[in-house]
Amino acid sequence: MVLIEPLIAIVVFLITYALIVDERINRAVAAMAGAAVLVFLGIVPWDSLLEHVDFGTIFLLMGMMIIVNVASNSGLFEYLAIRTAKAAGGSPIRVMILFALVTAVTSAFLDNVTTVLLMTPMLLYIAKVMDVNPVPFLLTEILASNVGGMGTLIGDPPN
């Protein structure tokens, strides 16, 4: 009987993970549903449910998600990419350096993964227009995002 609870927890985890990967339902809904199942089955005790939750981190992540959503819907990232490309004046090395700087600064104040996901399409388009290999640009952007994310506590919240 003692081994059944870990087995149920593993099955719920795998089902939740499959739902997240499948993307038919929202990731947050899938995660909360998996957590609710574990609580309602008594695998995670109700009385110690909130004991180990760090609400500061949760609210930081929630606030950051709201800011990123508003910023991406407002066109801020497209604006930054266009201004950066214009400032580079068509020089591939200057595009790489300026995009690295913009990505690092943006990653210091927003989630670095989201910053890369929002900046990459513009960088790929600019590399295509300049007819250059986008791989060095992408690697530079990823490195700059990680460096920028290390600059502040909110740059890379999971770490």
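Our structure's up above, just so we're on the same page.
Predicted model only: the values in this text are computed from it and were never measured.

Conventions and cut-offs
Residues numbered from 1 in each chain as written. Predicted model: local features only at pLDDT ≥ 70, side-chain atom pairs only at ≥ 80, totals over all residues. Heavy atoms only, no water. Axes fitted to C-alpha atoms, helices over the stretch in contact; angles between N-to-C directions. Helix = DSSP H or I, 4+ residues; strand = E, 2+ residues; numbered from the N terminus. Parallel < 35°, antiparallel > 145°, perpendicular 65-115°, else oblique. Left-handed = near helix turned anticlockwise from the far one by under 90°. Contact = heavy atoms within 4.5 Å. Nonpolar A, V, L, I, M, F, W, Y, C, P; charged D, E, K, R; others polar. Expected span 1.5 Å × (residues − 1). Buried < 20%, exposed > 50% of the residue type's maximum accessible area, 1.4 Å probe, protein only. Arc of directions from axis to C-beta. Bend = angle between axes of the 7 residues up to and from the residue.

Novice: Please provide a residue-by-residue account of the packing of helix H5 (residues 92-109) against helix H6 (residues 112-130), values included.
Specialist: Relative orientation of the contacting elements H5 and H6 amounts to 165 degrees, with a least axis distance of 10 Å. The angle between H5 and H6 places the two elements in the roughly antiparallel class. As for how H5 packs across H6, the hand of that crossing is right-handed. Counted together, Pro92, Val95, Phe99, Val102, Thr103, Thr106 and Ser107 of H5 and Asn112, Thr115, Met119, Leu123, Ile126 and Met130 of H6 form the full contact between these two elements. Looking at the contact of H5 with H6 residue by residue, the class counts come to eight nonpolar, five polar and no charged.

Novice: Please provide a residue-by-residue account of helix H3 (residues 55-74), values included.
Specialist: The end-to-end C-alpha distance of H3 is 28 Å, a good match for the 28 Å that 20 residues give at a rise of 1.5 Å each. Within H3, burial applies to Met64, Val68 and Ala71. On an axial view of H3, the arc spanned by its buried residues comes to 65 degrees, and they lie on one face. In H3, the exposed residues that point more than 90 degrees away from the buried face are Phe59, Met65, Ile66, Val70, Asn73 and Ser74. Once H3 ends, the next one or two residues include glycine 75, with phi positive near 90 degrees.

Novice: Please set out H6 residue by residue, giving values where relevant.
Specialist: Look at H6: 26 Å from first C-alpha to last across 19 residues, which is about the 27 Å you get at 1.5 Å a residue. At threonine 120, H6 is bent by approximately 35 degrees, the largest bend along its length, and proline proline 121 sits one to four residues beyond. Of the positions making up H6, those classed as buried are Asn112, Thr115, Val116, Met119, Thr120, Met122, Leu123, Ile126 and Ala127. Buried-residue contacts for H6 involve helix H4 (76-88), H5 and helix H7 (135-150). Once H6 finishes, aspartate 131 follows within two positions and takes phi at roughly 60 degrees, a positive value.

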